[in-house]
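Examination of the molecular architecture
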Number of protein chains: 2
Amino acid sequence: MGRNRTEADDVFRHSGRRPDVSDPARLGYDWARALLDGFARAGLRRVVASPGSRSTPLTLAALRHPDLDVQMIVDERSAAFFALGLAKAENRPVALIATSGSAIANWAPAVVEADSARVPLLLLSADRPPELHDCGANQTMDQSALFGVHVRAFHALPPPEARIDWLAAFAARVVAASRFPMPGPVHVNVPLREPLTPAGAPPAPEVFAAPLVATGRLAPDPVVVEQVSDLLVGDGVIVCGPENLGGEARAAVIGLARRLGAPVFADVLSGLRFCASDAAILAHPDAVARKNPPFDWALRFGGTPVCRATSDFLRGRRGATQIVVSDCARFADPDRTATHLIQADPALFCAHVRGRPAPPAWAQGLLKCDKAAAGAAEAACADETPFEGALLRRLLSALPEQTPVFLANSLTIRSAEWFSGRASCALKIFGNRGLSGIDGNLSTALGVARALGPAVAVLGDLAFLHDLNALALMRAQELTVLLLDNRGGGIFDHLAQAALPEFERAWITPQAYDPAALAKAFGLRYIAAETTSAAVAAVLANLAGGGAIVHVAIDRAFSLSRCKDFFASCQKESCS
Amino acid sequence: MGRNRTEADDVFRHSGRRPDVSDPARLGYDWARALLDGFARAGLRRVVASPGSRSTPLTLAALRHPDLDVQMIVDERSAAFFALGLAKAENRPVALIATSGSAIANWAPAVVEADSARVPLLLLSADRPPELHDCGANQTMDQSALFGVHVRAFHALPPPEARIDWLAAFAARVVAASRFPMPGPVHVNVPLREPLTPAGAPPAPEVFAAPLVATGRLAPDPVVVEQVSDLLVGDGVIVCGPENLGGEARAAVIGLARRLGAPVFADVLSGLRFCASDAAILAHPDAVARKNPPFDWALRFGGTPVCRATSDFLRGRRGATQIVVSDCARFADPDRTATHLIQADPALFCAHVRGRPAPPAWAQGLLKCDKAAAGAAEAACADETPFEGALLRRLLSALPEQTPVFLANSLTIRSAEWFSGRASCALKIFGNRGLSGIDGNLSTALGVARALGPAVAVLGDLAFLHDLNALALMRAQELTVLLLDNRGGGIFDHLAQAALPEFERAWITPQAYDPAALAKAFGLRYIAAETTSAAVAAVLANLAGGGAIVHVAIDRAFSLSRCKDFFASCQKESCS
């Protein structure tokens, strides 16, 4: 510390200010405060912190900042997914704070999801100072570049110094990097020295200037727009994958679809299926895609569709014009069928591009097919024996306007894709489709509920069990869980593994547990629902209060046969 | 796949064998089988796998291998800590298998712990093949070097090819790298192509030769031994930090201590405190260290001591000869007081080094002090109001010979260090002191129980809650949990944060939950114990069956005052 103190003194000789030598913990606290204040002024509003000693200056600075809301969460994995949910719901960066060592490694699952799903997170890891590295000190590991290529940037701060005037501007750039050119996590490693706890409440800090960072939108190249416009001739489709389009982009996509007579294959997570109902948006894109209507061109936005049928449909028309538009470098095209990859803001692209309307018969054929699928879905979901599809279809059509809904991986979100159709009113649908893991789903949903108020999470039993620690947070949040308990990994019933003799043991992996007792353990309401109607009614009845688990037992064989019958029945109707 | 198939055909043209074209999934399965068989022949016996689709060939190959025991665990974080426990208990590598994407990021906390604690793990991550990368394919991320500097090696396998004759030798080297020169995790990324599920049971695979890998032990340089021997003159101490010494090293350390009249400050995790009782081994090294007896030389083995007093004691004698011996490059010396860092096998070093015995008064003084501390500890733990120290002291002295005991972070293991003294019989004590996290402690203990049979885990309520998912595994394992419920992070009562107005909210973080209901949720026995004796009796009564939680509520203020009284009373006795 001696050498560092000398450097600090040099700074003060030059700046004319003097360090407060009465409280040695002030150096770290003032440092953390300048950093957190810089983040707050760059737009940060929420911090999720886990308890720890080394992170004390960061946590205290956050707790005492008037513009920051701090949530304490013991399990750092849960904390990081909670922050992910907050950031998704509010579309702005959220900061994480944790102590040094394995604590921050628990962020990794949410970090890779945030990277893939492009969600801004500020990862503030407390660290031991350099003199405690590589010498066996407790809770000390090499934290530099811990998240490798999965963060937009990594910054190794020096140990706290008296000169803090640059930290506000640094924080502004960190926030900017978490948002542009591709939103995602940024990792700032913050070494801190003992003593870590300031005595009393230090005086109000000096505030240093930081630039406001303004980001533009990627307008499409006019020459490219011209070329592409010439290609949008004949029977076209618009495919919107799992990536929530904002209000302006939604309106622009719908406007373009109307102008060109192009039906929209919109994923449940695209933000289009559960907004204003529009005839151009198919209610059952998966069912229509299974018929493989032969398009001349496809305009594609967002990620790879949740269900394979739409991808297969696009792959079946290899050679046709397929234009993928993305405002960042991540183009979703796993089957390599794209003929054009265009970097542009989707809303601006849709507003500028032209083309020639298809004959009305094209859209009519697909809409007829869509209507037939809707009828088949309604029939499949009519009786009261519960299965995932019926529960999701009925729930999504019954929820109040603007309800946030989190759909867990894996079978839950696919069932929503297959059966839910279009809601009669606008809903805010969320899911974790960056990497489509079953980890952290409940924590993410709790973050969404914290940001947006009364929300619903629909989860299968494995996703629910994978994120059990989230239950410790649930009483304080307005979240109602619909637990689809099909006793194991129901998604695998739909895959080839189902034929293996080891299927039950190694893929279904049924877990023996009592959800009622779990609810009791954390002071949550528990409702067992036997029928589809009862389950939906229970979710609606508990919505306002939250903190409830509505548990529905599902027979896997029944569910599988309903899905197969539905797919078969959709195949009967012709698209032309 | 076309290009790859052509290469495969080339191989077969050369080798004379032909691929089985009737089942395209055979390529991946045979590949995985050759790899797993190679690991098994290099000594692997246990695999912990999490369910997933892309990992199917690896999981199937493990399940069907006659020499491999496979445990399925849904939560990959819990799976990795379980594997860590197995590897620690059996002192041999354990393999992990999980599917691509965020699943493997859940291994990160256990990986960094295994790196720091030097525990061999084989991380077998399934991956999508190269053509599905960087194009928006589902559950696909860059998995290369995911664990950065925290693994001993990272290997990127190519997608499965028909030529598999080299995989056994490859596997032998991977296992070797996980053991020498420094045990730790090795990451092998395994891209696999669809179809993933072989039809039927393929015929027994051809077995390819692989070298046996034999590792030596690091003998000390004789010149250095000579020089060091000359320094071991006068009053000396031997300090054994938290790193389990094997039987030979234990005997060698005890032999050296006797020869030189040097008392041993042995950590609870050194393997020395709970083995054969030997007068040279202090029962209360922490209490003796607080008296700062002025030594002439210290010989140090293992990691940094769990409790700060021993470190402070060493720091107080900066300038005295302090020799740190380690058989790898990780020397524990956070206060930089070592005068010599010697790379050698501790057992060989102790056997070779000489020195001159101290006058008997030296050891007698310290042993007198130790005895006084033992009396004070006994007095502090005499009445029935439970606190961590008394529970640990009485439990460790009552457990049957050879019982495996896992001591969780943070206050639990420190309380054991302060109060437990020496057990009257040999116990196998485990903890996670690589990074000293409160994550994954219960899962690690379950791995230990799986390997060694009826075991006990002692955890505080935060460590317990941090690893709640482990409860799903507990019914199947012979583990009895002693839950020390002090309502939050009791360790912070001992730190400066206790003076902050935000203390309760951001550091103690008390969690409201009902352990009885948690036990019921997972079909575990639950016993609430009101007194120290009742708690210890309940653990002993449930030991054979396992799957039980013995819950003791602890008053934090009472616990803190007992600790303070104990420390004060130890200070009264003089060491000379």
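Residues numbered from 1 in each chain as written. Chains lettered and ligands numbered in written order. Predicted model: local features only at pLDDT ≥ 70, side-chain atom pairs only at ≥ 80, totals over all residues. Heavy atoms only, no water.

- Under an unreviewed UniProt entry, the name given to chain A is 2-succinyl-5-enolpyruvyl-6-hydroxy-3-cyclohexene-1-carboxylate synthase, and the source organism is Rhodoblastus sphagnicola.
- Listed in UniProt under the heading Sequence similarities (unreviewed entry), the comment for chain A reads: "Belongs to the TPP enzyme family. MenD subfamily."
- Under the heading Function (unreviewed entry), UniProt records this for chain A: "Catalyzes the thiamine diphosphate-dependent decarboxylation of 2-oxoglutarate and the subsequent addition of the resulting succinic semialdehyde-thiamine pyrophosphate anion to isochorismate to yield 2-succinyl-5-enolpyruvyl-6-hydroxy-3-cyclohexene-1-carboxylate (SEPHCHC)." (UniProt positions renumbered as here; feature names shortened; annotations may be inferred.)

**Details of the environment of B:Ala373**
Residue and element names in this part refer to chain B.
- Note on placement: Ala-373 falls in helix α13 (residues 360-380).
- Among the residues examined, Ala-373 registers a relative accessible area of 1% and is labelled buried.
- The spatial distance from the C-alpha of Ala-373 to the C-alpha of Glu-573 is 8.3 Å, given a sequence separation of 200 residues.
- Ignoring sequence-local partners within four residues, the contact set of Ala-373 consists of His-284, Ala-287, Phe-566 and Cys-570. (Helix = DSSP H or I, 4+ residues; strand = E, 2+ residues; numbered from the N terminus. Buried < 20%, exposed > 50% of the residue type's maximum accessible area, 1.4 Å probe, protein only. Contact = heavy atoms within 4.5 Å.)

**Considerations on the nonpolar core**
- One finds A:Phe464, A:Leu471, A:Val481, B:Phe464, B:Leu471 and B:Val481 to be the most contacted residues of the largest nonpolar core, which totals 124 residues.
- Among residues more than four places away in sequence, those in contact with A:Phe464 are A:Leu442, A:Leu459, A:Leu471, A:Val481, A:Leu483, A:Tyr513, A:Leu518 and A:Ile549. (Core = buried A, V, L, I, M, F, W, Y, C linked by side-chain atoms within 4.5 Å.)

**Structural notes on the domain arrangement of chain A**
All names here are of chain A.
- Under the domain assignment used here, chain A contains domain 1 (7-191), domain 2 (222-369) and domain 3 (381-571).
- Each of domain 1 and domain 2 has a C-alpha centre, and these two points are 40 Å apart.
- In this complex, domain 1 contributes 6 residues to the contact, which on the side of domain 2 involves 5 residues.
- The junction of domain 1 with domain 2 conceals about 420 Å² of combined surface from both sides, 36% of it contributed by carbon and sulfur atoms.
- Notably, a salt bridge pairs Glu-243 with Arg-118, separated by 3.6 Å at the nearest N-O pair.
- For the interface between domain 1 and domain 2, the tally reads 1 residue pair in polar contact (both at pLDDT 80 or more).
- Each residue belonging to the side of domain 1 that touches domain 2 can be placed in one class, and the counts come to 2 nonpolar, 1 polar and 3 charged. (Domains from an automatic or database assignment. Buried area = accessible area lost by both parts, 1.4 Å probe. Salt bridge = Lys/Arg side-chain N within 4 Å of Asp/Glu carboxyl O. Polar contact = N/O pair within 3.5 Å; in protein donor to acceptor, adjacent residues only side chain to side chain. Nonpolar A, V, L, I, M, F, W, Y, C, P; charged D, E, K, R; others polar.)

**Describing the interface of chain A and chain B**
- Between chain A and chain B, the contact holds 82 residues from the first and 83 residues from the second.
- When chain A packs against chain B, close to 6500 Å² is buried across both sides, 54% of that on carbon and sulfur atoms.
- Our enumeration of links across chain A and chain B arrives at 8 salt bridges.
- Along the contact surface separating chain A from chain B lie 46 residue pairs in polar contact (both at pLDDT 80 or more).
- Among the secondary structure elements, those contributing two or more residues to the side of chain A that touches chain B are α3 (56-63), β2 (69-72), α4 (76-90), α5 (102-105), α6 (108-117), α17 (461-466), α19 (503-508) and α20 (515-521) of chain A.
- A class-by-class count of the residues in the side of chain A that touches chain B yields 41 nonpolar, 22 polar and 19 charged.

**Concerning the packing of aromatic side chains**
Residues and elements named next belong to chain B.
- Within this structure, the stated rule accounts for 24 aromatic pairs over all chains.
- Ring centres 6.0 Å apart and planes at 75° place the aromatic pair Trp-31 and Trp-166 in the edge-to-face group. Highlighted residues: Trp-31 in helix α2 (residues 26-41) and Trp-166 in the loop between β5 (153-156) and α7 (167-177), separated in sequence by 135 residues.
- Its relative accessible area of 0% is what places Trp-31 among the buried residues. (Phe/Tyr/Trp six-rings, centres within 6.5 Å; stacked < 30°, edge-to-face > 60°.)

**Quick look at the relation of the copies chain A and chain B**
- Of the transformation superimposing chain A on chain B, the axial component is 0.0 Å and the angular component is 180°, with the fit at an RMSD of 0.0 Å. What the superposition gives is, in effect, a two-fold axis relating one chain to the other. Relative to the rotation axis, the C-alpha of A:Ala517 is the closest in chain A, positioned 2.6 Å from it.
- Most of the interface of chain A is mirrored in chain B, where 100% of its interface residues again form contacts. (Least-squares fit on C-alpha atoms with pLDDT ≥ 70 in both.)

**As for the pairing of strand β14 (residues 455-460) of chain B**
Residue and element names in this part refer to chain B.
- By the criterion of burial, β14 is predominantly enclosed, with 6 of the 6 residues buried.
- Neither face of β14 is left uncovered, since the one carrying Ala-455, Ala-457 and Leu-459 and the one carrying Val-456, Val-458 and Gly-460 both have all their residues buried.
- As paired elements, strand β12 (residues 404-407) and β14 share 3 bridges and run parallel to each other. Bridging from a neighbouring strand, Val-405 pairs with Val-456 of β14.
- The pairing of β14 with strand β15 (residues 479-485) spans 6 bridges and is parallel. Among the inter-strand pairings, Gly-460 is bridged to a residue of β15, identified as Leu-484. (Pairing = 2+ DSSP bridges.)

**Points about the sheet that holds strand β15 (residues 479-485) of chain A**
Residue and element names in this part refer to chain A.
- With respect to topology, 6 strands assemble into an open sheet ordered β13-β12-β14-β15-β17-β16, the strand pairing being parallel. The two strands at the open ends of the sheet, each matched to only one other strand, are β13 (428-430) and β16 (525-529). The mean inter-strand angle of the sheet, taken between neighbouring strand axes irrespective of direction, is 20°. (Axes fitted to C-alpha atoms, helices over the stretch in contact; angles between N-to-C directions.)

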